[in-house]
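Structure assessment
Okay, here's what each chain looks like letter by letter:
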Amino acid sequence: MTFINYASREINCKIVYYGPGLCGKTTNLQHIFESTAPQARGKLISLATETDRTLFFDFMPLELGTVRGFKTRFHLYTVPGQVFYDASRKLILKGVDGVVFVADSQEERMDANVESLYNLEENLQAQGYDLMKLPYVLQLNKRDLPNIIPVEELAAELRRKEEPVVEAVASTGAGVFDTLKAVAKQVLTELRKG
Amino acid sequence: MADTPLLLREKQYHQIKAVLARLRMDSAARVVFLVDKDGQEIAAQGEIGNLDTTSLASLAAGNVAATGGMAQLIGEKEFPTLSHEGERESIHISVIGRLLLIVVFDERSSLGLVKLRSRQVSHQLSMMVDEISKAEFDDEEPFGEITDEDIDSLFQ
């Protein structure tokens, strides 16, 4: 839920990166962390297992700049992708203002994408949200790998509405900021509606 | 559809800060802060120094959400208070409706005192928060006039 503090002139919004296990959600956040000036971002907190799989969530606050005299801060979260961490995923969606679905473009991960997207819709519904009305971006990640599904085919299968579709290689940073921009823009546009 | 934004006006902010300042003094705490259940920091008072209150707010909210999930699994609605005691520093969290009151304290205070003082201000904070929750956008809001150019300028 967007939090507007008139005393400190700040707007705070929450964006959640969702998607199947190993699709690159944490890699998206790591790239943003590494490419942003230290004064514009806080720490990157990763609650991960010993093998670097996200256990609960990753979190990073990011300050983008000023709109109408208000500092805009985005709180970026990822969810754990592995199927059995569903209870954690539900909790992290609480108060969400915008969602990025990170899809793994590899052929063998198509079923995992579909399952995770279905899980997102279900968990949003459980929290009283409707994906069709929420700021939302579909990121097609790992476009550099050999065994990938063509963009049109992936979009036809995974696109839910008129959401922006961004091709990405999160490990090199390609498409990462375009994705963030696309979702942040929708979140701020929602504010305009009041 | 996202939730309605939470609007905190300047007057309310200072009222909350005043309550937190008193609680900090009465409980001999290091830092006292108020956080939304979604992890957004609302106000903080005390020896903040280099303490990363943004991360602490997010982790406290995650902590309360996780223990709340456990509570429901065993048939409880939620656990209204959580305490973590360290060798030197400790944290006490009270759930007040949609807010979390977090008190960080050391050997200058005690868990009993912090619990007592937190409970004493809970009702007052809860009433303040009810008022904030009812706030709505009015005609003077600056956001109705945000243009596409304003938004684009953030990414240049």
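About the criteria used
- Residues numbered from 1 in each chain as written.
- Chains lettered and ligands numbered in written order.
- Predicted model: local features only at pLDDT ≥ 70, side-chain atom pairs only at ≥ 80, totals over all residues.
- Contact = placed C-beta atoms within 7 Å.
- Helix = DSSP H or I, 4+ residues; strand = E, 2+ residues; numbered from the N terminus.
- Nonpolar A, V, L, I, M, F, W, Y, C, P; charged D, E, K, R; others polar.
- Pairing = 2+ DSSP bridges.
- Buried ≥ 20, exposed ≤ 12 C-beta atoms within 10 Å, placed from the backbone.
- pLDDT = per-residue confidence, 0-100.
- Axes fitted to C-alpha atoms, helices over the stretch in contact; angles between N-to-C directions.

1. Side note on the interface of chain B and chain A
In this assembly, 34 residues from chain B lie in contact with 40 residues from chain A. If you list the elements that add at least two residues to the side of chain B that touches chain A, you get strand E1 (6–8), helix H1 (10–26), helix H2 (53–73) and helix H4 (148–153) of chain B. Considering each element in turn, the side of chain B that touches chain A owes the most residues, eight residues, to H2 of chain B. A per-class count over the side of chain B that touches chain A returns 17 nonpolar, nine polar and eight charged. With three bridges connecting them, strand E1 (residues 3–5) of chain A and E1 of chain B associate as parallel partners.

2. Here's the deal with the environment of Val 83 of chain A
All names here are of chain A. Assignment of secondary structure puts Val 83 in the loop between strand E5 (70–78) and helix H2 (86–92). Overall, Val 83 belongs to the partly exposed group, with 13 C-beta atoms counted inside 10 Å. Linking Val 83 and Gly 21, residues 62 residues apart in sequence, is a C-alpha distance of 7.6 Å.

3. Quick word on the pairing of strand E7 (residues 136–141) of chain A
All names here are of chain A. The buried fraction of E7 amounts to six of the six residues, a majority that puts the element mostly inside the structure. Neither face of E7 is left uncovered, since the one carrying Tyr 136, Leu 138 and Leu 140 and the one carrying Val 137, Gln 139 and Asn 141 both have all their residues buried. Two strands pair when backbone bridges link them, and strand E6 (residues 98–104) and E7 are joined in this way by six bridges, in the parallel orientation. For Val 100, the partnering residue across the bridge sits in E7 and is Val 137.

4. Considerations on the confidence of the model for chain B
Across chain B, the average pLDDT comes to 89, with 93% of residues at or above 70. Here the predicted complex scores 0.93 on pTM and 0.86 on ipTM.

5. Quick word on the sheet that holds strand E3 (residues 41–46) of chain B
Remark on secondary structure: sheet strands pair via backbone hydrogen bonds, oriented parallel or antiparallel. Residue and element names in this part refer to chain B. Taken in spatial order, the five strands of this open sheet run E3-E2-E6-E5-E4, and their pairing is antiparallel. On the outer flanks of this sheet lie E3 and strand E4 (81–85), each paired with one strand and no other. Ignoring which end each strand starts from, the neighbouring axes of this sheet average 10 degrees apart. By the bridge criterion, five bridges tie strand E2 (residues 31–36) to E3 in an arrangement that is antiparallel. Residue pairing across strands places Leu 34 opposite Ala 43, the latter belonging to E3. This element, helix H3 (residues 111–134), spans E2, E4, strand E5 (90–96) and strand E6 (99–105) of the sheet and lies at about 30 degrees to E5.

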